[in-house]
Amino acid sequence: MKFGGTSVGSAENILKVKAIVEAQTEPVIVVVSALCGITDQLLLIAKLALNGDMSYENELLSIMERHRNVTENAVPEIKRGKTINDLEILFAELGNILKGVFWVNDLSQKTSDAIVGYGERMSSLIIAAAFNDATLFDAREFIKTEKQFKKHIVDFNATNALIREYFAEKPYLSVVPGFISQDLAVGDTTNLGRGGSDYTASIITAALNASRLEIWTDVDGFMTADPRIISSAYVIREMSFIEAMELSNFGAKVIYPPTIYPTYHKNIPIQIKNTFNPSAQGTYISKNKSDRDKPIKGISSISDTSLITVQGLGMVGVLGINSRIFSSLSASGVNVFMVCQASSENTTTLAVKDEDAELAVQVLEKEFNLELSQGEINEVKVDKGLATVAVVGENMKHMPGISGKLFGTLGRNGISVMAYTQGASETNISFVIESSYLRKALNTIHDSFFLSEYQVLNIFLAGIGTVGGNLLEQIKSQQKTLKEHNSLKLNVVGITDAANMIFDRNGIDLETYRTEIRKGQKVSSETLRDEILKMNIFNPVFVDCTASADIAMLYADFLEHNISVVAANKIAASSEYNIYLNLKEIARKRGIKYLFETNVGAGLPIINTMNALSNSGDKILKLQAVLSGTLNFIFNTLSSTIPMSRAIQMAKEEGFAEPDPRIDLSGTDVIRKLVILSREAGYAVNQENVDKHLFIPDKYFRGTIDDFWKMLPELDNEFEEKRKQLEAQGKRLRFVAEMDSGKCRVGLQEVCSSHPFFELEGSNNIIMITTERYNEYPMIIKGYGAGAAVTAAGVFADIISIVNIR
């Protein structure tokens, strides 16, 4: 059982460890780290002493005082005096070594290793005394190392024999300091590297064929990803040795990577447990694979990555180039953790830590000085500010499409991969990206490969008027259902009205957003764009429920940054044809969505139906439609007792017309809708191409709104005469939009009782679609074409269609 620094960081925690250990029902060997933070403090005081800084003495006094306090509160009184006396001996030794460093002004590796090893020596002394009956061992007596290339490597032949000898009597409870070891040849104190206490425990586990190795730490186990970045990350219950190794090597700090080797070779399982939540199941690591339904087990990352690229045509077909690259870097102590090479052999790219980048360039430029001077190698190039992501899972083996899905998912979220590699074992796909995209990449992968309990869609909403307000109410009412039944989480991360905007990447409270937005930051189209792009969140969608031309102008920027756009706003889709076409093309190339179903017919499935017809090979020949709920309401309301002026007034009062009804009466809205439909049918149409036949003379559109209302009754007699004439003929007036082979027209038409438009009630819309297949009997779509609730529902449907609900 190995307990880390946080587990033994205080007297209270040591007593927790005591309870856990003494509850065991079989002989136990406890391996302990130094008290939390002590190793770093020892390195600091060694540096201070080396620099002739007397403050090292104060740091040493604080270390001594901390260990005395822990002893006072964790060790039974009967053993307390002896323990403090033993500690004082270690304090004196440490003080003398530091005094020597201070006066001689020299700190060799040998001395540094001796100093840093006191942390575990002191903690093990206290913890052994805290137990009721424990035998304390000194790991240096049986963990033996030999020097290879400036590193201390475990001599397993000597170490295993000594461990078996020292533990031959099998004491029931043993305590061993982790991390520290001893050079077999000269007897100097060495160590197994930062995190080496895990390794100590694993070496002893394998040498004694223990039943299992338990690593007790301050987390519940290996997580599917870093929970500080991905809130939905969860504990991996079971994983294989290989998966644990891969995740550990790429930044998962749960376990020191070399720890896995000894137990793997003996097939001894490892259990990761939480000292502060001992009842948690933890992570069980063995040779067995699990979760066969999930190809990816976890995601890990290294943030401080640099790419070193050696490139030149003179490398092609030349033997020994890579040998020279790796030999020179190894000799200089530069660790390469990822390699990519072009099949043409003219480029080799290496991933190293940022701190090693400059040295790596210098070493390679020196090694290839002749080739660089002759132009056989162009340059040794370094790219900094990068991050490496490792996607790990043994179930990826022989599963087609994993790499394609991975890189496709990243691409759709606007994340460019600079280098990647995948071994033939197929258990690890590693790739390098810009550091600024790390959070987004991790969330995207975690979400897309179902490591999360649900998929997440992050929504930015512009406009909280009748449509936007209704949309947020619908989202709020459906969030729980979508999460529970469809594994989809709708996260509203940004909201703006005409004055202010608010953002929260964890999700805005839809109960209080109207209060919060009044306290938000001032909004302009530029600040809105900048804030959304700066958030750089995964699976984003921008929803426009405004009628703003400035907001519509932002769509291209959002699409270029892989943010899908859902628009109730008609301006962009009905603007100049090249603008419309550009937005569609950006979305297509980026693999994201630009959706505007509610631009025509509110929630009616008109555009989706037309797209389905075209995509299946049908050709749309003709469109005939009543597309204005306002105008249809007006002509349905006209009667012998309700003249035109009153019908228009009623449309305004019922909320069908704009505050200035001339916007509806001008036919502009219908023209925009017809243009959008014609374009979706495959015709290059602009608004000026539409032949307009309006029923209100031009003079009514001049002047103020008050002038309009004063003049309006002048039309009543004309329309009453027309109404009576049509009533006698069994006909009605409809404002109809038509497209025939790309030619567009809007205007009043008389329809007879047999026409599909005749019985169109209230503010409903209707469209007849004539195609090569639906020729003799056109397809008809009919229903509510106006209203905030149905329009919001249509926007909601577009949002949902962006993800594949499972």
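Computed from a predicted model, the values in this text were never measured in an experiment.

Whenever I open this one, empty space enclosed by the protein confuses me. Can you help?
Under the counting rule described, the total for this entry stands at 1 cavity of 30 Å³ or more. Lining the largest cavity are F460, L461, A462, G494, I495, T496, M501, I502, F503, L528, I532 and F542. Class assignment for the residues of the lining of the largest cavity results in 10 nonpolar, 2 polar and no charged.

Whenever I open this one, the layout of surface pockets confuses me. Can you help?
Over the atoms rolls a probe the size of a water molecule, and its path tells where empty space is left. Approximately 1100 Å³ is the volume attributed to the second largest pocket. Residue lining of the second largest pocket: 36 residues in total, with V467, K570, E658, D669 and T791 positioned closest to the centre. Elements supplying a minimum of two residues to the lining of the second largest pocket: α16 (466-486), α24 (629-637), α26 (662-665), α27 (668-680) and α30 (788-801). Sorting elements by how many residues they give to the lining of the second largest pocket places α27 first, with 4 residues. Taken together, the residues that form the lining of the second largest pocket break down as 12 nonpolar, 17 polar and 7 charged.

I would appreciate a short explanation of the sheet that holds strand β8 (residues 189-191) in the present structure.
Strands in a sheet are paired, the pairing made by backbone hydrogen bonds, and the direction either parallel or antiparallel. If you walk across this open sheet you meet the 4 strands as β5-β4-β7-β8, and the pairing is mixed. Of all the strands in the sheet, just β5 (151-154) and β8 have a single pairing partner and so form its edges. Averaged over all pairs of adjacent strands, the angle between strand axes in this sheet comes to 55°, irrespective of strand direction. When strand β4 (residues 144-148) meets strand β7 (residues 180-183), the two strands line up parallel, connected through 2 bridges.

Just checking my understanding: could you explain the packing of aromatic side chains for this structure?
Given two aromatic rings, their pairing is described by the distance between the two centres and the angle made by the two planes. Scanning all chains against the criterion turns up 21 aromatic pairs. Ring geometry for Y199 versus Y256: centroids 6.3 Å apart, planes at 65°, classification edge-to-face. Residue Y199 is found in helix α8 (residues 196-208), and its partner Y256 is found in the loop between α9 (241-249) and α10 (260-266); the two are separated by 57 residues along the sequence. Consider the rings of F695 and F735, whose centres lie 5.8 Å apart with planes at 70°: the pair is edge-to-face.

I tried to follow the environment of Q725 on my own but got confused; where do I start?
On the secondary structure map, Q725 appears in helix α29 (residues 716-729). What makes Q725 partly exposed here is its relative accessible area of 43%. In this structure, the C-alpha to C-alpha distance between Q725 and I63, residues 662 residues apart in sequence, is 103 Å.

How should I be thinking about the sheet that holds strand β13 (residues 298-311) in this particular structure?
The antiparallel open sheet is built from 6 strands, whose spatial order is β14-β15-β13-β16-β18-β17. Edge positions in the sheet fall to β14 (338-341) and β17 (419-422), since each has one partner strand and no second. Across this sheet, the average inter-strand angle for adjacent strands is 30°, counted without regard to direction. Across 7 bridges, the pairing between strand β16 (residues 379-392) and strand β18 (residues 428-434) is antiparallel. Bridge pairing in β18 links V389 to F431.

Help me understand the side chain of E680, please; the structure alone is not making it clear to me.
One can find E680 in helix α27. Among the residues examined, E680 registers a relative accessible area of 7% and is labelled buried. One polar contact links E680 to N611, side chain to side chain, over a distance of 3.5 Å. In this structure, E680 is in contact with Y580, K584, F596, I607, M610, N611 and S614, ignoring residues within four places of it in sequence.

Just checking my understanding: could you explain the packing of helix α3 (residues 56-74) against helix α4 (residues 77-104) for this structure?
A pair of packed helices can be characterised by two numbers: the angle between their axes and the separation between those axes. Closest axis-to-axis distance for the α3/α4 pair is 11 Å, and the angle between their directions is 165°. Relative to α4, the element α3 is oriented roughly antiparallel. Handedness of the α3/α4 crossing: right-handed. Counting all contacts with α3, which are made through Y56, L60, M64, H67, R68, T71 and E72, the residues of α4 involved are R80, T83, I84, L87, E88, F91, L94, G95, L98, K99 and F102.

What exactly am I supposed to notice about helix α18 (residues 525-535) here?
Because an α-helix packs 3.6 residues into every turn, residues spaced three or four apart end up facing the same way. Among the residues of α18, S525, L528, E531, I532 and M535 are the ones counted as buried. When α18 is viewed along its axis, its buried side chains cluster within an angular range of 135° and face the same direction. Note on α18: the residue one or two positions beyond its end, N536, has a positive phi of about 50°.

What is the right way to look at the pattern of salt bridges in this model?
Proximity of charged atoms lets side chains of opposite charge pair with each other. Per the stated rule, a full pass over the model turns up 39 salt bridges. Between R588 and E585 there is a salt bridge, and its shortest N-O distance comes to 2.4 Å. In this pair, R588 and E585 both sit in helix α22 (residues 577-590), 3 residues apart, roughly one turn of the helix. R588 sits in the exposed class, given a relative accessible area of 55%. With a closest N to O distance of 2.7 Å, E750 and K722 form a salt bridge. Placement of the pair is E750 in strand β29 (residues 743-752) and K722 in helix α29, with a sequence separation of 28 residues. A relative accessible area of 38% places E750 in the partly exposed class. Residues participating in the shared-partner salt-bridge network are E26, R212 and E214.

Which parts of the structure should I look at to understand the pairing of strand β12 (residues 283-286)?
For a regular strand, the rule is simple: side chains alternate between the two faces of the sheet. By the bridge criterion, 3 bridges tie strand β10 (residues 238-240) to β12 in an arrangement that is parallel. When the bridges of β12 are listed, E238 appears paired with Y284. Pairing geometry for strand β11 (residues 270-274) and β12, over 3 bridges, is antiparallel. Among the inter-strand pairings, Q271 is bridged to a residue of β12, identified as Y284.

Teacher, can you tell me more about the environment of M223 here?
Along the chain, M223 falls in the loop between β9 (213-217) and β10. The spatial distance from the C-alpha of M223 to the C-alpha of I571 is 46 Å, given a sequence separation of 348 residues.

Explain the nonpolar core to me, please; I cannot follow it from the model alone.
The tendency in soluble globular proteins is for nonpolar side chains to be buried as a group. Within the largest apolar cluster, 82 residues are counted, with the highest numbers of intra-cluster contacts made by F542, Y555, Y594, L677, F695 and I769. Examining the composition of this core, we find that 6 residues originate from one element, α27, more than from any other. Among the nonpolar cores identified, the runner-up in size contains 48 residues, and F142, F167, I215 and Y256 belong to it.

When you look at α27 in this model, what are you seeing that I'm missing?
Counted at 1.5 Å a residue, the expected span for α27 with its 13 residues is 18 Å, and the 19 Å between its end C-alpha atoms agrees. Judged by how many residues are buried, α27 sits mostly within the fold: 11 of 13 residues are covered. Every buried residue belonging to α27 is among D669, V670, I671, K673, L674, V675, I676, L677, S678, R679 and E680, and all of these are buried. Of the residues flanking the end of α27, it is G682, one or two places downstream, whose phi is positive at about 105°.

Parameters at a glance
Residues numbered from 1 in each chain as written. Predicted model: local features only at pLDDT ≥ 70, side-chain atom pairs only at ≥ 80, totals over all residues. Heavy atoms only, no water. 1 Å grid on protein atoms, 1.4 Å probe; cavity = no way out; pocket = protein on both sides within 12 Å on 5 of 7 lines; lining within 4 Å. Points joined across faces, edges and corners; volume = space filled by probe spheres on them. Nonpolar A, V, L, I, M, F, W, Y, C, P; charged D, E, K, R; others polar. Helix = DSSP H or I, 4+ residues; strand = E, 2+ residues; numbered from the N terminus. Pairing = 2+ DSSP bridges. Axes fitted to C-alpha atoms, helices over the stretch in contact; angles between N-to-C directions. Phe/Tyr/Trp six-rings, centres within 6.5 Å; stacked < 30°, edge-to-face > 60°. Buried < 20%, exposed > 50% of the residue type's maximum accessible area, 1.4 Å probe, protein only. Polar contact = N/O pair within 3.5 Å; in protein donor to acceptor, adjacent residues only side chain to side chain. Contact = heavy atoms within 4.5 Å. Parallel < 35°, antiparallel > 145°, perpendicular 65-115°, else oblique. Left-handed = near helix turned anticlockwise from the far one by under 90°. Arc of directions from axis to C-beta. Salt bridge = Lys/Arg side-chain N within 4 Å of Asp/Glu carboxyl O. Core = buried A, V, L, I, M, F, W, Y, C linked by side-chain atoms within 4.5 Å. Expected span 1.5 Å × (residues − 1).

Note that all results are geometric; they support no functional claim without further evidence.
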